[in-house]
Amino acid sequence: MTDTAVRADETARSGPAHPLDPATAAEYLAGRDIMAAAGLLTDPVRFAYYGLEEAPKGDVLTGAAADRRLRAFLVNLDTGVSTDVVVSVTGRKVISARQLDPRTDGQMPILESDFAAVDEIVKADPGWLAAMARRGLDDVSKIRTCPITAGVFGVADDDRRRMVRVLAFAQPREHDLAWAHPVDGIAAYVDLIEKKVFKVTDEFELAVPAESGDYDDEAVRGPHRSTLKPIEITQPEGPSFTLNGHELRWQDWSMRIGFDAREGLTLHQIGWHDHDGGHKRPVIYRASIPEMVVPYGDPRFRYWQAYFDSGEYLVGKWANSLELGCDCLGEIAYLDATVTDDTGQPRTIANAICVHEEDFGILWKHTDIFNGSVQSRRQRRLVVSYFTTVGNYDYGFYWYFYLDGTIECEIKATGVLFTSAHPGGEHPYSTEVAPGLAAPAHQHLFSARLDMTVDGLANAVEEVDVSGRPIGPDNPYGNAIVQEVTRLTRESQSGRRADDSRGRTWRVVSTEQRNRFGHPTSFTLYPEAAPVLLADPASPVAARAGFAQNHLWVTRYDPDQRYSAGDFVNQHPGGAGIPAFIAGDRDIDGADIVVWHTFGPTHFPRLEDWPVMPVARCGFVLKPTSFFDRNPTLDVPPPASHCSAG
Ligand SMILES: [Cu+2]
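Residues numbered from 1 in each chain as written. Predicted model: local features only at pLDDT ≥ 70, side-chain atom pairs only at ≥ 80, totals over all residues. Heavy atoms only, no water.

For this particular structure, what's the right way to read the coordination of the copper ion?
Reference geometry at the metal: tetrahedral coordination by four donors gives ideal angles of 109.5 degrees; octahedral coordination by six donors gives 90 or 180 degrees. Binding of the copper ion to the protein goes through Y393 (OH), H442 (NE2), H444 (NE2) and H603 (ND1), at separations of 2.0 Å. Given four donor atoms and angles of 98 to 139° at the metal, the environment of the copper ion is assigned as irregular. When the donor residues of the copper ion are listed from N- to C-terminus, their spacing reads Y-x48-H-x1-H-x158-H. Taken together, the residues span a long stretch of sequence, with H442 in strand 23 (residues 442-443) and H603 in strand 31 (residues 602-603) at a distance of 161 residues. Accessibility assignment for this pair places H442 and H603 in one class, buried. (Donors = N, O, S within 2.8 Å, 3.2 Å for Na, K, Ca; no water. Tetrahedral: all angles 85-135°; square planar, octahedral: opposite > 155°, others 65-115°. Helix = DSSP H or I, 4+ residues; strand = E, 2+ residues; numbered from the N terminus. Buried < 20%, exposed > 50% of the residue type's maximum accessible area, 1.4 Å probe, protein only.)

Shown next, in the form of C-alpha cells:
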C-alpha cells in the first residue's frame, strides 16, 4: 500500500458540515493514516468495507456528536486474519480493533480484487480445465467465471476457509452476452487465502446453450422502432426543491442524504414542517435498505446459490454514475458518492444520487353536484434515487415523498437473469427462456430499516386488521366493518406476517403527541404481502436470513444493531441480525424503536424477462394516519387558472 496524499491534519478544513454527512475523501485518507500508524495496514491487508461509523442518535439530536469516526473491515490476503476497526478521525486514534473468529463471526465481504484473483486461480486449475475441455471449451479466454458467496452448509472442509464457489459462462465472441451461455453441472470451490481450487463438483454435462442473448446486436433485437415521439420534461423556473450540501428541502419535507458503500443511499432526519410557524415534526430518523438476499430455488449441485447483496458484496460500492437524459429526465440535481477501493483509497462515483421532482397525476379532484365546484389538483413527488449493478442484476433504489405526506420506497430490479442449462422435460425449479437455457426461480428479499421517530422518539407499533362482523344484536344485517388493533408490546411479539385477506397494516404511533381528537398521531406501513423466505425454516440459508422469515420486526433502538443479517454476513453460520436483536425481548411500547420490513418479489422468470429484464417493481408505502388534522394539501393551487370553477 502506498502512503496517503492528504494528511490527517488537513481534514479540519475539508471536513463535513453535519455529523450525518457521508465520509469525505479526506476523512478516508486520514483514517487510513491512523490505521497505518497503528500497524494495521501491513501488506497485503485490504479494506473489505470502509465507511462512516455514525454517531449515536442521542449525540446527533443533542448536538454532541463532535467525533467523526470511520469503520473498516480489514482482511489480510495471505493469512485471512480479519479485523473490525473503528478509528476517530477527529481524535486521530484507533478506538477499537477486534479480530474476527471466522467460525462464529463469518468472513469479511467480497473484495473487488477477488473477481480477478478468482478468475486467475480457476483458470490455472488442471481439474477444472480438464472438465471444461471435456465440454469442448479449450480456450479459457472465452470463459467468464462468476464467484458466488459460499454460504455455510456444515461441511467442515469448506466452512473453515475464506472461499467462494465459481460458476462458468461461455462468451464465444467478444460481445456475446455470457449469461446466455452457462456451462452447467460444474462448480469450482476456491480458497481465497490458499489461492487455489480445493474442490471441483462436476455432476452432469449439458450442452452450452447457443442462442445469442446479445441485445446490443441488431441481429438479435431487430432495428430500433421509429414510432416513439419525443417526451420532454421542462421546469422553466427550475425545480421546487433546494439542496444545501446534503440537506434536501422540498415543500413541507426536509431530510439529509447519506451514502454508504454497504447500504447505498441512506436518508436521515426525515421530517415535515408545519405550515404555521414551520415547526419540524420528525417522522423517520434514518431510512435505509441495509440488507437483501437473493436465494435461488434449484436444489441440484448449485443449492448454495444465495447472495446477500449488501452484506456480502456491498451494493453501494457498485453504484452507477447516472446520465442526464438517459437515466434521469427533467431538472435533475446530482450528488456524487465517495467510496473506497480495496486499499482504502477514496473513489468518487460521479452523479451517483439523483434528486428530482415529478408530476404524479391527480392529487385530488371533485365535481360537486350541489355547489357546482369543479376542482382538480396535481400530485407531485420528490424522488431521491440511485442505481447499482451487482453481477447480473441491476437495482434502482427509489424513495418518493409526496405532497400529502406519503412516503414510498420502490426498488426496480432489472438487468439479466442468472441462468443455467435446461435439462429438458419438466424441470419445476426453472423456466426455459431460450432453447436449452433456463432461469432458476429465486426470491429478492429486501430488508428496510426504518428508525421511526413519529412526532418524537416515543413510538409504538399497532397491527391493524380489518374484518366484517357476524350478524348479532348490534349488527342485525351483518354489514358491520371494524378495525382490529393489536399493540405489539415486546420484541418477541414483533415477528409478523402480512395478511392481504385482512388488509393488514402496521401503524407506528406516537405515544406522546395527539391530534385534534386526542388520538395518537401516526404513520402506517402498507406492505405488499408477497411471500417471505420460501426456503425450509430448517435450511442453512434460513438460519442466515432470519430477517426474511417475517414481513415485520420491531426492535428497540440500539446504535450497534444496523444490519438485518448481522455485521458480518459472508460465511456467517447463522442467527445474526434480527434473531439476535430480539433475543433480549425488550419493551417496544412507547420506546425509541426501529421497524424492520421484509419485502420483494418471488421471481419465476418469464420469457419476457429474457435477454434483458423489464423493470420489476416492489416496495412499500408509509402514509400519515391522523398525523394531520385534515388533508394537508388544500392549499395546493390549481395547476392553471382555467382548472378551477365554482
Ligand atoms: Cu429476479
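Even after reading the chapter, I still don't get the sheet that holds strand 2 (residues 69-76), so can you show me in this structure?
Remark on secondary structure: sheet strands pair via backbone hydrogen bonds, oriented parallel or antiparallel. The strand order 1-2-3-4 describes an open sheet built from four strands, whose pairing is antiparallel. Both edges of this open sheet fall to strand 1 (45-53) and strand 4 (93-99), since each of them pairs with a single strand only. The average undirected angle you get between the axes of adjacent strands in this sheet is 20°. Bridging between strand 2 and strand 3 (residues 82-88) involves seven bridges; their strand directions are antiparallel. Across the sheet, the residue bridging to R71 is V86, located in strand 3. Against the sheet, helix 2 (residues 25-37) contacts strand 1, strand 2, strand 3 and strand 4, and its axis sits at roughly 125° relative to strand 1. (Pairing = 2+ DSSP bridges. Axes fitted to C-alpha atoms, helices over the stretch in contact; angles between N-to-C directions. Contact = heavy atoms within 4.5 Å.)

Please clarify how the sheet that holds strand 22 (residues 437-440) should be interpreted in this entry.
Strand order in the open sheet formed by three strands is 20-22-21, with antiparallel pairing between adjacent strands. Among the strands making up the open sheet, the edge pair consists of strand 20 (420-421) and strand 21 (430-434). Bridge count between strand 20 and strand 22: two bridges; the pairing is antiparallel. Residue pairing for strand 22: S420 is matched across the bridge by A438.

Got a minute to help me understand the pattern of salt bridges in this structure?
Side chains bearing opposite charge may pair, as long as their charged atoms lie close to each other. Under the criterion given, the structure shown has 48 salt bridges. Across the pair K195 and D78 runs a salt bridge whose closest N-O atoms are separated by 3.2 Å. Remark: D78 occurs in the loop between strand 2 and strand 3 and K195 occurs in the loop between strand 7 (182-191) and strand 8 (196-202); sequence separation between them is 117 residues. The shortest N-O distance in the salt bridge between R161 and D157 comes to 3.3 Å. Looking at R161, the relative accessible area reads 7%, which means it is buried. Take D157: its relative accessible area is 36%, and that puts it in the partly exposed class. Here the salt bridges do not stand alone but share partners, grouping E463, D465, R469, E484, R496, R502 and R504 into one network. (Salt bridge = Lys/Arg side-chain N within 4 Å of Asp/Glu carboxyl O.)

Would you mind showing me how to read the pairing of strand 6 (residues 163-170) here?
Across a regular strand the side chains alternate sides, sitting on one face of the sheet and then on the other. Of all eight residues that make up strand 6, eight are buried, and the element is covered over most of its length. By the alternation rule, side chains of strand 6 split into M163, R165, L167 and F169 and V164, V166, A168 and A170, which are all buried. Here seven bridges tie strand 5 (residues 143-149) to strand 6, and the two strands are oriented antiparallel to one another. Of the residues in strand 6, the one forming a bridge with C146 is L167. In terms of strand pairing, strand 6 meets strand 7 through six bridges, oriented antiparallel.

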